[in-house]
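Analysis of the macromolecular model
Chain residues, written in single-letter form:
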Amino acid sequence: MRTYLVVIDESPEAQIALRFAARRAVKTGGGVEILSLIPKPDFVQWGGVMATIEEEARQRAEALVAGAAGTLIQESGLKPTITVREGDGPRIIRELIDANPEIAALVLGAATGGKPGALVTHFTSGDMAALPVPLMLIPGSLDRDAIDRLS
């Protein structure tokens, strides 16, 4: 089954990318995998404080993907695969793609203004040629009607 891998965070463009991926998956008989990345926190001298910071970040990420999955199920009927990982985003994305031959595309949302996010920058500045799947950049300026029309 063709699966679209979407990296989700709290940005509006991530929600737009998720909607696009869900619409494509419905039209192609595929699925969606939602990935939430937890950045590795800077070293904190006290272990208990570090553990609390990591746990809070994990809880935020899990709540974020749960909300996104709920919206996805409600709007498209698709039940996504959910992955929450901590560490280097590009490395984790490559590992997921390498481990799952059903992933057909990496779908990222592009910010409406300012500098691109870290993942968009990484994958569009050299590493894209090494990706074994297409990279779909979805403009954050698209509204729901445009996404529905284009997907």
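Since we're looking at a predicted model, the values are computed, not measured.

**Focus: the overall build of the protein**
The secondary structure content of the protein amounts to five helices and five strands. Beginning at the N terminus, the succession of helices and strands in the protein can be written as β-α-β-α-β-α-β-α-β-α. Of all 151 residues assigned to the protein, the portion counted as buried reaches 42%. For the protein, contacts bridging at least 24 residues in sequence account for 74% of all contacts bridging at least 6. If you sum the accessible surface of the protein, you get close to 8,200 Å²; carbon and sulfur atoms cover 54% of it.

**A closer look at the confidence of the model for the protein**
Per-chain confidence: the protein averages 83 in pLDDT, with 83% of residues scoring 70 or above. For the protein, helix α2 (residues 47-76) is the element with the lowest average pLDDT, namely 67, and strand β4 (residues 103-110) is the one with the highest, namely 95.

**With respect to the sheet that holds strand β5 (residues 135-139)**
Across the sheet, five strands lie side by side as β3-β2-β1-β4-β5; this open sheet has parallel pairing. Each of the sheet's edge strands pairs with one partner strand only, and the pair in question is β3 (81-86) and β5. Strand-to-strand twist of the sheet, defined as the mean angle between neighbouring strand axes without regard to direction, takes the value 25°. As paired strands, strand β1 (residues 3-8) and β4 are joined by four bridges and run parallel to one another. Looking at the pairing, Thr3 lines up with Ile103 of β4. Strands in contact with helix α1 (residues 12-28) are β1, β2 (31-38), β4 and β5; relative to β1, the strand with the most contacts, it is inclined by about 170°.

**A short note on the nonpolar core**
Counting residues in hydrophobic clusters, the biggest one holds 20 residues, and the most contacted among them are Val6, Val32, Val107 and Ile138. Of all the elements in the fold, those that place two or more residues in this core are β1, α1, β2, β4 and α5 (144-150). A total of eight residues in this core trace back to one element, the largest contributor, which is α1.

**Some words on the layout of surface pockets**
A volume near 240 Å³ is recorded for the second largest pocket. Secondary-structure elements contributing two or more residues to the lining of the second largest pocket are α1, α2 and α5. Among the residues making up the lining of the second largest pocket, the classes are represented as seven nonpolar, three polar and five charged.

**Comments concerning the pattern of salt bridges**
Applying the stated criterion across every chain, the model contains three salt bridges. Where Asp148 meets Arg19, a salt bridge forms, and the shortest distance between an N and an O atom there is 2.9 Å. Of the two residues, Asp148 is situated in helix α5 and Arg19 in helix α1; the sequence distance between them amounts to 129 residues. Overall, the relative accessible area of 14% leaves Arg19 in the buried class. Among the charged side chains, a network of salt bridges with common partners joins Arg19, Arg23 and Asp148.

**Notes on the side chain of Glu13**
When you line up the elements, Glu13 lands in helix α1. Lys115 is the oppositely charged side chain nearest to the buried, salt-bridge-free Glu13, at an N-O distance of 15 Å. With sequence-adjacent residues up to four places away left out, Glu13 is seen in contact with Gly109, Ala110, Ala111 and Gly140.

**Quick look at helix α3 (residues 89-99)**
The complete set of buried residues in α3 reads Gly89, Pro90, Ile92, Ile93, Leu96 and Ile97. Along α3, the residues classed as buried sweep out an arc of 165° about the axis, all on the same side. Turned more than 90 degrees from where α3 packs its buried face, Asp98 and Ala99 sit exposed. Buried residues in α3 make contact with β1, β2, β3, β4 and α4 (118-124). The residue sitting at the N-terminus of α3 and contributing the capping side-chain oxygen is Asp88; that oxygen lies 3.1 Å from the backbone nitrogen of Arg91.

About the criteria used
Residues numbered from 1 in each chain as written. Predicted model: local features only at pLDDT ≥ 70, side-chain atom pairs only at ≥ 80, totals over all residues. Heavy atoms only, no water. Helix = DSSP H or I, 4+ residues; strand = E, 2+ residues; numbered from the N terminus. Buried < 20%, exposed > 50% of the residue type's maximum accessible area, 1.4 Å probe, protein only. Contact = heavy atoms within 4.5 Å. Areas by Shrake-Rupley, 256 points an atom, 1.4 Å probe, with all protein chains shown as cover. pLDDT = per-residue confidence, 0-100. Pairing = 2+ DSSP bridges. Axes fitted to C-alpha atoms, helices over the stretch in contact; angles between N-to-C directions. Core = buried A, V, L, I, M, F, W, Y, C linked by side-chain atoms within 4.5 Å. 1 Å grid on protein atoms, 1.4 Å probe; cavity = no way out; pocket = protein on both sides within 12 Å on 5 of 7 lines; lining within 4 Å. Points joined across faces, edges and corners; volume = space filled by probe spheres on them. Nonpolar A, V, L, I, M, F, W, Y, C, P; charged D, E, K, R; others polar. Salt bridge = Lys/Arg side-chain N within 4 Å of Asp/Glu carboxyl O. Lys, Arg positive; Asp, Glu negative; His and termini not counted. Arc of directions from axis to C-beta. Polar contact = N/O pair within 3.5 Å; in protein donor to acceptor, adjacent residues only side chain to side chain.

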